[in-house]
Amino acid sequence: MIANIHNQSQGFRAANLYANICPFEGDSQTGVASMCKAKVTFADIGKTVTVPEGTRLIDISGGVGSGIMYGCRQCGCGRCMTEVVAGEDGLEPPSVLEIKVLEHHEGGANSRLACQVKVRGDVTLRPRPQA
Ligand code: FES
């Protein structure tokens, strides 16, 4: 599957997106633990992926087919506004800039910017409808 993605016109970027999703869940026979600790569920498509802590949502949402949209990808436009359905503690706290952008775009409670937020635990998200 990664090879097919790599052959698309934006293959390099798509391959990098998938590189953040952990294919290895550990091995009970060898005792090798998985490096992947965070389960991210995209409620809009009913899909859960396991990723390393510190992974940005922007690096996985497109690769799994979530409907989270992006614009500037630099904490400016608010287009990637995402609703945290469950597991708010599974995300790094927002930066001052992210809070300002969320306020400017009337993000409201449970909103985060997918281009900025890093995962640190289990969380469930869905795209916030655009105005
Ligand atoms: S894509 Fe513009 S703020 Fe996230």
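Residues numbered from 1 in each chain as written. Predicted model: local features only at pLDDT ≥ 70, side-chain atom pairs only at ≥ 80, totals over all residues.

### Brief notes about the overall build of the protein chain
Link 1 in the chain: A count of helices and strands for the protein chain gives four helices and five strands.
Link 2 in the chain: Along the protein chain, helices and strands appear, N-terminal first, in the series α-α-β-β-α-β-α-β-β.
Link 3 in the chain: Across the 131 residues in the protein chain, those meeting the buried criterion constitute 25%.
Link 4 in the chain: Of all intrachain contacts in the protein chain linking residues separated by at least 6 positions in sequence, the fraction that spans at least 24 positions is 62%. (Helix = DSSP H or I, 4+ residues; strand = E, 2+ residues; numbered from the N terminus. Buried ≥ 20, exposed ≤ 12 C-beta atoms within 10 Å, placed from the backbone. Contact = placed C-beta atoms within 7 Å.)

### Focus on the sheet that holds strand β4 (residues 111-113)
Link 1 in the chain: An order of β2-β1-β5-β3-β4 is seen for the five strands of this open sheet, with the pairing classed as mixed. Two strands in the sheet have a free side with no partner beyond their single neighbour: β2 (47-51) and β4. The sheet shows a mean angle of 35° between the axes of neighbouring strands, taken without regard to direction.
Link 2 in the chain: One ladder, built from three bridges, connects strand β3 (residues 81-86) with β4; its direction is antiparallel. (Pairing = 2+ DSSP bridges. Axes fitted to C-alpha atoms, helices over the stretch in contact; angles between N-to-C directions.)

### Topic: the nonpolar core
Link 1 in the chain: Counting residues in hydrophobic clusters, the biggest one holds 20 residues, and the most contacted among them are Val 40, Val 51, Cys 80, Leu 113, Ala 114 and Val 119.
Link 2 in the chain: Among the secondary structure elements, those contributing two or more residues to this core are β1 (38-42), β2, α4 (96-104) and β5 (123-127). (Core = buried A, V, L, I, M, F, W, Y, C linked by C-beta atoms within 7 Å.)

### What about the confidence of the model for the protein chain?
Link 1 in the chain: Averaged over the protein chain, the pLDDT score is 82; the fraction of residues at 70 or greater is 73%.
Link 2 in the chain: Per-element confidence in the protein chain is highest for β4, whose mean pLDDT is 97, and lowest for helix α1 (residues 2-6), whose mean pLDDT is 34.
Link 3 in the chain: Note that pLDDT drops below 50 for residues 1-17; the model gives that stretch 15 contacts with residues more than four away or on any other chain. (pLDDT = per-residue confidence, 0-100.)

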